[in-house]
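Report on the structure
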Amino acid sequence: MAEVNLSSEQLDKLKAAMARVKGKNAQAAQPAAQQQPAAQQAAVQRQPAAEAGAAQDTAPESAVAVETKALPVESNLAEGTYLRVEEDEMAAWLYLAPPDEGQTYTRRDLENYLELQGVVKGYHSSNLSAMIKKKVYDREILVARGAQSKPGTDGWFEYLFSPEEHCGPRVNEDGSVDYSSMSALQNVHKGDKVAIYHYAVQGENGYTVTGGEMKADPVRDLPPMRGKGITRENGTYYAQSDGKIEVKDGKIDIQNVHEIMGDVDAIIGKIEFFGDIIINGNVEGGIVIRAGRNIEIHGTTGAATLFAGGDVMLTRGIQGGGKISARGNVFAEFIENTTVDAGGLVQCNVILNAKVNARDKVITTGKRGAIIGGYTHALKSIEAMTAGNDVELKTVLHCGYEPESFDKLLEARRKETEIKERLSKLVDTMTEALREKRMRGASTAKNTEASLLEWNRLKDEYFAELDKVGKEREELETTMEEGRDSYIKVDGNIYRNVVISVNAEQMTLDRNTCFMKYAAEKGVIEGTVIVHS
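First things first, this report covers the structure right here in the doc. (Residues numbered from 1 in each chain as written. Predicted model: local features only at pLDDT ≥ 70, side-chain atom pairs only at ≥ 80, totals over all residues. Heavy atoms only, no water.)

Quick notes on the overall build of the protein
- When its secondary structure is counted, the protein shows 7 helices and 40 strands.
- Out of the 533 residues in the protein, the part that is buried amounts to 39%.
- Once local pairs closer than 6 in sequence are excluded, the contacts in the protein between residues at least 24 apart make up 43%.
- Of the roughly 30,300 Å² of accessible surface on the protein, 48% is carried by carbon and sulfur atoms. (Helix = DSSP H or I, 4+ residues; strand = E, 2+ residues; numbered from the N terminus. Buried < 20%, exposed > 50% of the residue type's maximum accessible area, 1.4 Å probe, protein only. Contact = heavy atoms within 4.5 Å. Areas by Shrake-Rupley, 256 points an atom, 1.4 Å probe, with all protein chains shown as cover.)

Quick look at the structure:
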């Protein structure tokens, strides 16, 4: 304990200051003798070093005891003791040599040694105590461990609905596919809770055994969600109206849906709607349906014409010579005598005598999973359970880029080169005419001025044509690149007279086979047997 002597004048000043802090009148303070210990202790804490030194030089009135923590100066551990701190300073190991005869160690001795070596945090309390009680010597023991920083969590939105745009057919346990389970819609009603925002949670900083700080990465909160048809109360979002809900570019969007509860016949004739169209009955032949988004028909579909900016979902299939054009996917129980053009995949149970074209894949799954007759093309792959039938109906399966695509690509490249040459010659001619105009000035011939105007117009046409041909060439190159690794896979029977075509290669099967996968390697179609373990 150290002692500090204060004069009576210093104590009176200190007493008045403490009384003012407590809201009391300085004159109402208690006598100095009663307040002396607390006042003197506060004075030592607040008094500058120079003033404290001066106070010690004056005649002492009283003494105040101040507790100070003694810093370690040296260690009393035996020679051979050492401390090993790992490179990342996240752990420290103590090798304790046995004490000299008649000497014993205390836990404070060990902690004192750690402090001298710069290890000040993360002490392993039980190990330190065990080393003393069990006299653990001559081996390294973990005595301190740092703490890794704990990451926080950024703010995030919890959707109370599935944010996918559509729900495809459900695959049953027996491998069959339930196409009646398909739905392009998730409906909400006004006032429904649709999303909850979870605020960011800060992480915890870590530390090393030497006292270094390991800061956790900063976290951030997201701005409030924007969208159509929603309202926000604190961190909860509610639907403002009935309709279809989805997430577009991180925004909730609730749109109206055109829903027909009965059949669509010739009396209705044509349906056009910018959003989704749902028909809960049958669609007769000759009907034209155009939807800006998805089309969903829960009954049978005749020879109708369907145009969709999204997906087409037919729970009972289509037959009779209709047409489907979709920018997205096409799902159906069956497709018969129908022309289908899909920007995504085509998935159904049976394709019969149809002309199908898919930018992605064609997949037939379900009880039959068959492609019989017609022409089926997919850019990436065709996957079926059965191809053809036992009456040897000609069935063409083609994947990859179509043969005419290669010819189109060559033609596009030829036209692009030709336009560039014509453009180059035109620019040279215009440059010469402009040079002549600068030299002659006002005496430039009128026919030269007229020619410059015509050449300038022609130049713009060449550039527009070059841009069009260039885009066509790029699309063809992209198509051929995407179809490079295409394949046809039939996980069941493949009948005679089935035509297998990959890119520009083609072959016709002259006998029945099964469980095969076909791909083109170096311009030759090769088939490999599918092995099931």
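Side note on the sheet that holds strand S16 (residues 243-248)
- Spatially, 4 strands are ordered S9-S16-S17-S13 in an open sheet, and the strand pairing comes out mixed. Each end of this open sheet is capped by a strand with a single partner; those strands are strand S9 (187-188) and strand S13 (227-228).
- Where S16 lies against strand S17 (residues 251-255), 5 bridges are found, and the strand directions are antiparallel. Counted as the bridge partner of Val247 is Ile252 from S17. (Pairing = 2+ DSSP bridges.)

Here's the deal with the nonpolar core
- In this structure, Ile279, Ile289, Leu306, Val312, Val346, Val362 and Ile488 are the most contacted members of the largest nonpolar core, which totals 49 residues.
- Sequence-distant contacts of Ile289, that is, excluding residues within four places in its chain, are made with Ile271, Ile277, Ile279, Val283, Ile295, Ile297, Thr305, Leu306 and Phe307.
- Counting 19 residues, the second-largest nonpolar core is a separate cluster that includes Leu77, Tyr105, Tyr113 and Ile141. (Core = buried A, V, L, I, M, F, W, Y, C linked by side-chain atoms within 4.5 Å.)

Notes on the side chain of Glu416
- Checked against the element boundaries, Glu416 lands in helix H6 (residues 403-440).
- With residues near it in sequence (within four places) discarded, Glu416 still touches Leu466, Val469, Gly470 and Arg473.

A word on the pattern of salt bridges
- The final tally for this structure, using the stated rule, is 24 salt bridges.
- The salt bridge involving Glu115 is made with Arg108; its shortest N-O contact spans 3.3 Å.
- One salt bridge connects Arg290 with Glu272, and the closest N-O pair in it is separated by 3.6 Å. On the criterion of sequence distance, the pair formed by Arg290 in strand S21 (residues 288-291) and Glu272 in strand S19 (residues 270-273) is long-range, its members being 18 residues apart.
- Judged by its relative accessible area of 36%, Arg290 is partly exposed.
- One continuous salt-bridge network, built from bridges that share partners, spans Arg107, Arg108, Glu111 and Glu115. (Salt bridge = Lys/Arg side-chain N within 4 Å of Asp/Glu carboxyl O.)

Some remarks on unusual backbone geometry
- A positive phi is found at Lys135, a non-glycine position, where the angle reads about 55°.
- With a relative accessible area of 55%, Lys135 lands in the exposed category.
- Phi is positive for Asn503, which is not a glycine, with a value near 55°.
- For Asn503, the location among the structural elements is in the loop between strand S37 (498-502) and strand S38 (505-508).

Digging into the sheet that holds strand S10 (residues 193-198)
- Strands sit in the order S6-S10-S15-S14 across an open sheet of 4 strands; the sheet is antiparallel. Two strands in the sheet have a free side with no partner beyond their single neighbour: strand S6 (156-159) and strand S14 (230-233). Neighbouring strand axes in the sheet, compared pairwise and without regard to direction, differ in orientation by 25° on average.
- Relative to strand S15 (residues 236-239), S10 runs antiparallel, the two sharing 3 bridges. Bridging across to S15, Ile196 finds its partner in Thr236. (Axes fitted to C-alpha atoms, helices over the stretch in contact; angles between N-to-C directions.)

Regarding the packing of H6 against helix H7 (residues 446-482)
- Where H6 meets H7, the axes come as close as 8 Å, and the angle between the chain directions of the two elements is 155°. What the angle tells us is that H6 and H7 run roughly antiparallel. The handedness of the crossing between H6 and H7 is left-handed. (Parallel < 35°, antiparallel > 145°, perpendicular 65-115°, else oblique. Left-handed = near helix turned anticlockwise from the far one by under 90°.)

Considering a nonpolar patch on the surface
- Together, Phe515, Val529 and Val531 line one region of the surface with nonpolar side chains, adding up to about 310 Å² of accessible area.
- Tracing the backbone shows Phe515 in strand S39 (residues 513-521).
- In this structure Phe515 comes out as partly exposed when scored by relative accessible area, which is 34%. (Patch = residues over 30% accessible without salt bridge, like charges linked within 9 Å, V, L, I, M, F, W, Y side chains within 5 Å.)

Section: the packing of helix H4 (residues 107-116) against helix H5 (residues 125-133)
- Interaxial distance between H4 and H5 falls to 9 Å at its minimum, and their mutual angle equals 125°. By the criterion of interaxial angle, the relationship of H4 to H5 is oblique. The handedness of the crossing between H4 and H5 is right-handed. Touching Arg107, Leu110, Glu111 and Leu114 of H4 are Ser125, Leu128, Ser129, Met131 and Ile132, all from H5.
- Partitioning the contact of H4 with H5 into residue classes produces 5 nonpolar, 2 polar and 2 charged. (Nonpolar A, V, L, I, M, F, W, Y, C, P; charged D, E, K, R; others polar.)

Some words on the packing of aromatic side chains
- Going through the model one piece at a time under the given rule, you end up with 6 aromatic pairs.
- Judged by centre distance (4.9 Å) and plane angle (50°), the rings of Phe157 and Tyr197 are tilted. On the criterion of sequence distance, the pair formed by Phe157 in strand S6 and Tyr197 in strand S10 is long-range, its members being 40 residues apart. Comparing Phe157 with Tyr197 shows no difference in burial state: the two are buried.
- These aromatic residues form a ring-pair network of at least three members: Phe157, Tyr197, Tyr199 and Tyr237.
- Sitting above the plane of the Tyr207 ring, Lys121 keeps its charged end 4.3 Å from the centroid. (Phe/Tyr/Trp six-rings, centres within 6.5 Å; stacked < 30°, edge-to-face > 60°. Lys NZ or Arg CZ within 6 Å of the ring centre and 35° of its normal.)

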